[in-house]
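Fold and geometry: a report
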Amino acid sequence: MSTTDPDVHQHVRATYARAACCAPTDNALATTLYDEEDRDALPDDAAAAALGCANPAALANLQPGERVLDLGSGGGVDVLLSARRVGPTGFVYGVDMTTEMLALARRNQAEAGIDHVEFLEGRIEDIPLADDTVDVVLSNCVVNLSPDKRAVFAEALRVLRPGGRLAIADIATRGELPPVIRRSLSAWAGCIAGALDVSEIERLLADVGFAAPSVEIVRDYGRADLDLVASSALAGLDLAALPPEELDDIEGRLVSVFIRGMKPAER
Ligand SMILES: C[S@@+](CC[C@H](N)C(=O)[O-])C[C@H]1O[C@@H](n2cnc3c(N)ncnc32)[C@H](O)[C@@H]1O
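1. Description of the environment of Lys149
For Lys149, the position within the fold is in helix α8 (residues 149-159). The sequence separation of Lys149 and Gly194 amounts to 45 residues, and the corresponding C-alpha distance is 9.5 Å.

This is the structure in C-alpha coordinates:
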(Lines give C-alpha, C1' and ligand atoms only; values in the text may rest on other atoms or scores of the structure.)
Protein backbone atom coordinates (compact mmCIF):
# COMPACT_ATOMS: atom_id res chain seq x y z
CA MET A 1 0.00 0.00 0.00
CA SER A 2 1.24 3.44 -0.84
CA THR A 3 1.32 6.25 1.70
CA THR A 4 1.89 9.14 -0.70
CA ASP A 5 0.81 12.64 0.32
CA PRO A 6 -2.53 12.80 -1.59
CA ASP A 7 -3.46 9.29 -0.39
CA VAL A 8 -2.77 10.23 3.22
CA HIS A 9 -4.73 13.49 3.12
CA GLN A 10 -7.65 11.82 1.38
CA HIS A 11 -7.77 8.80 3.71
CA VAL A 12 -7.36 10.92 6.86
CA ARG A 13 -10.06 13.35 5.73
CA ALA A 14 -12.53 10.53 4.96
CA THR A 15 -11.80 8.88 8.31
CA TYR A 16 -12.43 12.06 10.32
CA ALA A 17 -15.49 13.02 8.24
CA ARG A 18 -17.00 9.70 9.39
CA ALA A 19 -15.83 10.29 12.98
CA ALA A 20 -17.47 13.76 12.99
CA CYS A 21 -20.80 12.22 12.15
CA CYS A 22 -20.80 9.51 14.79
CA ALA A 23 -19.09 10.70 17.95
CA PRO A 24 -20.01 8.32 20.80
CA THR A 25 -22.33 9.82 23.42
CA ASP A 26 -20.21 8.30 26.18
CA ASN A 27 -16.59 9.05 25.24
CA ALA A 28 -14.26 7.26 27.66
CA LEU A 29 -11.28 9.06 26.11
CA ALA A 30 -12.59 12.45 27.26
CA THR A 31 -12.71 11.14 30.83
CA THR A 32 -9.09 10.06 30.75
CA LEU A 33 -7.73 13.23 29.05
CA TYR A 34 -9.67 16.06 30.70
CA ASP A 35 -10.34 16.63 34.39
CA GLU A 36 -13.84 17.15 35.73
CA GLU A 37 -13.61 20.94 35.71
CA ASP A 38 -12.65 21.01 32.02
CA ARG A 39 -15.32 18.43 31.07
CA ASP A 40 -17.99 20.36 32.95
CA ALA A 41 -17.03 23.52 31.02
CA LEU A 42 -17.71 21.84 27.65
CA PRO A 43 -20.98 21.15 25.85
CA ASP A 44 -21.66 17.36 25.94
CA ASP A 45 -21.18 17.04 22.15
CA ALA A 46 -17.78 18.76 22.32
CA ALA A 47 -16.54 16.39 25.04
CA ALA A 48 -17.94 13.45 23.08
CA ALA A 49 -15.95 14.52 19.99
CA ALA A 50 -12.56 14.44 21.77
CA LEU A 51 -10.04 12.41 19.75
CA GLY A 52 -6.74 13.60 21.20
CA CYS A 53 -4.03 12.11 23.39
CA ALA A 54 -3.60 14.75 26.16
CA ASN A 55 -4.88 18.16 27.31
CA PRO A 56 -2.57 20.64 25.53
CA ALA A 57 -4.46 23.73 26.73
CA ALA A 58 -3.59 22.72 30.30
CA LEU A 59 -0.01 21.69 29.44
CA ALA A 60 0.64 24.99 27.62
CA ASN A 61 -0.02 27.09 30.72
CA LEU A 62 -2.15 29.56 28.73
CA GLN A 63 -2.52 33.05 30.16
CA PRO A 64 -5.39 35.57 29.94
CA GLY A 65 -5.15 37.70 26.78
CA GLU A 66 -3.07 35.23 24.74
CA ARG A 67 -3.79 34.44 21.05
CA VAL A 68 -3.76 30.72 20.36
CA LEU A 69 -3.91 28.45 17.30
CA ASP A 70 -4.96 24.79 17.51
CA LEU A 71 -3.72 22.66 14.59
CA GLY A 72 -6.30 20.04 13.58
CA SER A 73 -9.04 21.33 15.85
CA GLY A 74 -11.50 18.47 15.16
CA GLY A 75 -14.74 18.91 17.15
CA GLY A 76 -13.26 21.95 18.88
CA VAL A 77 -12.64 20.61 22.37
CA ASP A 78 -9.16 22.12 22.82
CA VAL A 79 -10.16 25.41 21.16
CA LEU A 80 -13.07 25.86 23.56
CA LEU A 81 -10.97 24.94 26.60
CA SER A 82 -8.23 27.33 25.44
CA ALA A 83 -10.83 30.10 24.98
CA ARG A 84 -11.84 29.64 28.60
CA ARG A 85 -8.22 29.96 29.73
CA VAL A 86 -7.28 33.02 27.65
CA GLY A 87 -10.60 34.75 28.44
CA PRO A 88 -12.41 37.36 26.31
CA THR A 89 -9.28 39.52 25.92
CA GLY A 90 -7.58 36.60 24.15
CA PHE A 91 -8.52 34.80 20.91
CA VAL A 92 -8.35 31.20 19.68
CA TYR A 93 -8.20 29.90 16.09
CA GLY A 94 -8.75 26.28 15.10
CA VAL A 95 -7.61 24.96 11.71
CA ASP A 96 -8.93 21.73 10.21
CA MET A 97 -9.16 20.33 6.67
CA THR A 98 -12.31 18.23 7.23
CA THR A 99 -15.55 20.13 6.46
CA GLU A 100 -17.66 17.85 8.66
CA MET A 101 -15.33 18.44 11.65
CA LEU A 102 -15.50 22.22 11.12
CA ALA A 103 -19.31 22.06 11.10
CA LEU A 104 -19.30 20.05 14.34
CA ALA A 105 -16.82 22.47 15.96
CA ARG A 106 -18.94 25.50 14.97
CA ARG A 107 -22.07 23.85 16.42
CA ASN A 108 -20.15 23.17 19.65
CA GLN A 109 -18.93 26.78 19.72
CA ALA A 110 -22.52 28.06 19.32
CA GLU A 111 -23.71 25.76 22.10
CA ALA A 112 -20.87 26.94 24.37
CA GLY A 113 -21.78 30.57 23.57
CA ILE A 114 -18.13 31.56 23.05
CA ASP A 115 -17.34 34.47 20.67
CA HIS A 116 -13.57 34.85 20.83
CA VAL A 117 -12.97 31.77 18.66
CA GLU A 118 -12.80 31.15 14.90
CA PHE A 119 -12.59 27.84 13.05
CA LEU A 120 -10.75 28.05 9.71
CA GLU A 121 -10.71 25.53 6.88
CA GLY A 122 -7.20 24.63 5.77
CA ARG A 123 -4.27 22.28 5.97
CA ILE A 124 -1.77 22.46 8.78
CA GLU A 125 1.00 22.24 6.15
CA ASP A 126 -0.24 25.60 4.75
CA ILE A 127 -1.85 27.49 7.64
CA PRO A 128 -4.38 30.17 6.54
CA LEU A 129 -3.01 32.87 8.90
CA ALA A 130 -0.52 35.73 8.45
CA ASP A 131 3.05 35.66 9.86
CA ASP A 132 3.51 36.45 13.59
CA THR A 133 -0.21 36.14 14.44
CA VAL A 134 -0.35 34.02 17.63
CA ASP A 135 1.40 33.64 21.00
CA VAL A 136 0.92 29.87 21.22
CA VAL A 137 0.49 27.03 18.71
CA LEU A 138 -1.21 23.97 20.20
CA SER A 139 -2.15 20.65 18.73
CA ASN A 140 -3.61 17.42 20.07
CA CYS A 141 -2.75 14.19 18.26
CA VAL A 142 -2.69 15.63 14.73
CA VAL A 143 0.91 16.24 13.60
CA ASN A 144 1.42 12.45 13.35
CA LEU A 145 -1.36 12.44 10.70
CA SER A 146 0.48 14.81 8.37
CA PRO A 147 2.52 13.43 5.47
CA ASP A 148 4.87 16.47 5.76
CA LYS A 149 5.84 17.18 9.39
CA ARG A 150 8.64 19.56 8.41
CA ALA A 151 6.10 21.81 6.61
CA VAL A 152 3.81 21.70 9.69
CA PHE A 153 6.59 22.78 12.07
CA ALA A 154 7.82 25.47 9.63
CA GLU A 155 4.29 26.85 9.31
CA ALA A 156 3.81 26.82 13.10
CA LEU A 157 7.03 28.84 13.42
CA ARG A 158 5.89 31.32 10.74
CA VAL A 159 2.54 32.12 12.40
CA LEU A 160 4.02 32.42 15.92
CA ARG A 161 5.07 35.89 17.05
CA PRO A 162 8.76 36.20 17.99
CA GLY A 163 9.08 34.78 21.52
CA GLY A 164 5.88 32.70 21.04
CA ARG A 165 5.74 29.02 21.99
CA LEU A 166 4.82 25.63 20.58
CA ALA A 167 2.91 23.20 22.84
CA ILE A 168 1.95 20.02 21.02
CA ALA A 169 0.60 16.73 22.36
CA ASP A 170 1.11 13.80 20.01
CA ILE A 171 1.84 10.10 19.57
CA ALA A 172 5.46 9.20 18.80
CA THR A 173 7.46 6.00 18.37
CA ARG A 174 10.51 4.80 20.23
CA GLY A 175 12.20 2.40 17.82
CA GLU A 176 10.97 0.95 14.53
CA LEU A 177 7.41 -0.30 13.95
CA PRO A 178 6.79 -3.35 11.74
CA PRO A 179 6.69 -2.30 8.04
CA VAL A 180 3.19 -3.77 7.67
CA ILE A 181 1.97 -1.13 10.14
CA ARG A 182 4.02 1.72 8.70
CA ARG A 183 2.48 1.00 5.26
CA SER A 184 -1.13 0.82 6.48
CA LEU A 185 -3.29 3.87 5.69
CA SER A 186 -5.76 2.75 8.40
CA ALA A 187 -2.95 2.70 10.94
CA TRP A 188 -1.91 6.14 9.64
CA ALA A 189 -5.42 7.56 10.14
CA GLY A 190 -5.46 5.86 13.57
CA CYS A 191 -2.47 8.01 14.65
CA ILE A 192 0.10 5.17 14.61
CA ALA A 193 1.77 4.69 11.23
CA GLY A 194 2.70 8.35 10.69
CA ALA A 195 4.13 8.92 14.16
CA LEU A 196 7.62 10.44 14.26
CA ASP A 197 10.35 8.78 16.26
CA VAL A 198 11.13 10.56 19.54
CA SER A 199 14.74 10.90 18.40
CA GLU A 200 13.75 12.82 15.21
CA ILE A 201 11.43 15.42 16.72
CA GLU A 202 13.95 17.73 18.40
CA ARG A 203 16.20 17.65 15.35
CA LEU A 204 13.33 18.56 13.03
CA LEU A 205 12.20 21.43 15.30
CA ALA A 206 15.75 22.80 15.48
CA ASP A 207 16.13 22.40 11.70
CA VAL A 208 13.14 24.63 10.93
CA GLY A 209 14.33 27.25 13.46
CA PHE A 210 12.73 26.58 16.86
CA ALA A 211 14.77 27.49 19.93
CA ALA A 212 14.89 25.19 22.99
CA PRO A 213 13.11 22.24 21.34
CA SER A 214 12.17 19.51 23.80
CA VAL A 215 10.17 16.28 23.91
CA GLU A 216 8.72 14.91 27.14
CA ILE A 217 7.31 11.38 27.21
CA VAL A 218 4.04 11.58 29.13
CA ARG A 219 2.67 8.08 28.62
CA ASP A 220 3.91 4.64 27.56
CA TYR A 221 1.50 2.41 25.65
CA GLY A 222 1.52 -1.13 27.06
CA ARG A 223 -0.10 -4.18 25.47
CA ALA A 224 -3.57 -3.41 26.88
CA ASP A 225 -3.43 0.15 25.46
CA LEU A 226 -2.38 -1.24 22.12
CA ASP A 227 -5.37 -3.58 21.98
CA LEU A 228 -7.59 -0.60 22.74
CA VAL A 229 -5.99 1.56 20.06
CA ALA A 230 -6.02 -1.25 17.50
CA SER A 231 -9.66 -2.13 18.09
CA SER A 232 -10.85 1.46 17.81
CA ALA A 233 -12.92 2.26 14.74
CA LEU A 234 -10.19 4.67 13.67
CA ALA A 235 -7.22 2.33 13.72
CA GLY A 236 -8.89 -0.71 12.12
CA LEU A 237 -5.83 -2.88 12.83
CA ASP A 238 -6.10 -6.60 13.42
CA LEU A 239 -3.31 -7.24 15.91
CA ALA A 240 -4.22 -10.92 16.11
CA ALA A 241 -3.37 -11.26 12.42
CA LEU A 242 0.20 -10.11 12.99
CA PRO A 243 2.99 -12.63 13.59
CA PRO A 244 3.80 -12.71 17.36
CA GLU A 245 7.34 -11.39 16.79
CA GLU A 246 5.91 -8.29 15.10
CA LEU A 247 3.55 -7.76 18.02
CA ASP A 248 6.57 -7.87 20.34
CA ASP A 249 8.06 -5.23 18.06
CA ILE A 250 5.16 -2.83 18.70
CA GLU A 251 4.97 -3.25 22.45
CA GLY A 252 6.73 -0.40 24.25
CA ARG A 253 7.34 1.48 21.01
CA LEU A 254 4.36 3.85 21.08
CA VAL A 255 4.36 6.77 23.49
CA SER A 256 2.44 10.00 24.07
CA VAL A 257 4.70 13.02 24.00
CA PHE A 258 4.53 16.70 24.80
CA ILE A 259 6.57 18.76 22.35
CA ARG A 260 7.78 22.25 23.20
CA GLY A 261 9.74 24.92 21.35
CA MET A 262 10.06 28.71 21.12
CA LYS A 263 10.23 31.09 18.19
CA PRO A 264 13.43 33.08 18.76
CA ALA A 265 12.73 36.65 19.92
CA GLU A 266 13.58 39.45 17.48
CA ARG A 267 16.89 41.17 18.14
C1 LIG B 1 -7.20 12.74 15.88
S2 LIG B 1 -8.28 14.07 15.41
C3 LIG B 1 -7.91 15.22 16.72
C4 LIG B 1 -8.92 16.32 16.84
C5 LIG B 1 -8.75 17.25 18.03
N6 LIG B 1 -7.43 17.83 18.09
C7 LIG B 1 -9.04 16.52 19.34
O8 LIG B 1 -8.15 16.40 20.15
O9 LIG B 1 -10.17 16.06 19.50
C10 LIG B 1 -7.43 14.74 14.01
C11 LIG B 1 -8.04 15.99 13.37
O12 LIG B 1 -7.04 16.60 12.56
C13 LIG B 1 -7.54 16.91 11.27
N14 LIG B 1 -6.39 16.81 10.34
C15 LIG B 1 -5.63 15.72 10.10
N16 LIG B 1 -4.64 16.01 9.24
C17 LIG B 1 -4.79 17.32 8.90
C18 LIG B 1 -4.07 18.22 8.04
N19 LIG B 1 -3.02 17.78 7.34
N20 LIG B 1 -4.50 19.51 7.94
C21 LIG B 1 -5.59 19.93 8.65
N22 LIG B 1 -6.31 19.13 9.48
C23 LIG B 1 -5.91 17.84 9.62
C24 LIG B 1 -8.63 15.89 11.04
O25 LIG B 1 -9.57 16.39 10.11
C26 LIG B 1 -9.22 15.71 12.44
O27 LIG B 1 -10.25 16.62 12.70
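2. A word on unusual backbone geometry
At Asp132, a position not held by glycine, the phi torsion is positive, near 55°. Within the element layout of this structure, Asp132 appears in the loop between β3 (117-121) and β4 (134-140). Positive phi is not limited to glycine here, since Ala212 has a value of about 50°. Counting through the fold element by element, Ala212 comes out in strand β7 (residues 211-220).

3. What about the nonpolar core?
One finds Leu69, Leu71, Leu80, Val137, Leu138 and Ala156 to be the most contacted residues of the largest nonpolar core, which totals 80 residues. Counting residues per element, this core draws most heavily on strand β5 (residues 160-173), at 7 residues. Apart from the residues within four sequence positions on either side, Ala156 is in contact with Leu71, Val137 and Leu166.

4. Remarks on the site of the ligand
Neighbouring residues of the ligand: 24 residues in total, closest Gly52, Gly72, Gly74, Thr98 and Asn140. Elements with a contribution of two residues or more to the shell around the ligand: α1 (5-21) and α6 (77-86). Each residue belonging to the shell around the ligand can be placed in one class, and the counts come to 12 nonpolar, 8 polar and 4 charged.

5. What to know about the packing of α1 against helix α7 (residues 99-112)
It is at 7 Å that the axes of α1 and α7 come closest, and there the two elements cross at 30°. Crossing of α1 against α7: the hand is left-handed. For the pair α1 and α7, contact is made by Tyr16, Ala17, Ala20 and Cys21 and by Glu100, Met101 and Leu104, respectively. Of the residues in the contact of α1 with α7, the class split is 6 nonpolar, no polar and 1 charged.

What counts, and at which threshold
- Residue positions are given per chain, counted from 1 along the sequence in the order it is written.
- Local features are withheld for residues below a pLDDT of 70 in this predicted model, meaning they are given only at 70 or higher, and side-chain atom pairs are given and counted only at 80 or more; totals for whole chains, interfaces and linings count all residues.
- The numbering of helices and of strands both runs from the N terminus, where a helix is a DSSP run of H or I of at least 4 residues and a strand a run of E of at least 2.
- To define a nonpolar core, we join buried Ala, Val, Leu, Ile, Met, Phe, Trp, Tyr and Cys residues through C-beta atoms within 7 Å and take the resulting set.
- Buried means a residue has 20 or more other C-beta atoms within 10 Å of its own C-beta, exposed means 12 or fewer, and partly exposed covers the counts in between; C-beta atoms are placed from the backbone.
- The contact rule is simple: place each C-beta atom from the backbone, and if two of them lie within 7 Å, those residues are in contact.
- For each residue, a C-beta atom is placed from the backbone, and the residue is labelled near a molecule or strand when this atom is within 6 Å of it.
- Residues are grouped as follows: Ala, Val, Leu, Ile, Met, Phe, Trp, Tyr, Cys and Pro are nonpolar; Asp, Glu, Lys and Arg are charged; all remaining types, including Gly, are polar.
- Note on definitions: angles span 0 to 180 degrees between N-to-C directions of axes, and those axes are lines fitted to C-alpha atoms, for helices only across the stretch in contact.
- By convention, the crossing between two helices is left-handed when the near helix turns anticlockwise from the far helix through less than a right angle, and right-handed when the turn is clockwise.

Everything listed is a geometric property; what it means functionally is a separate question.
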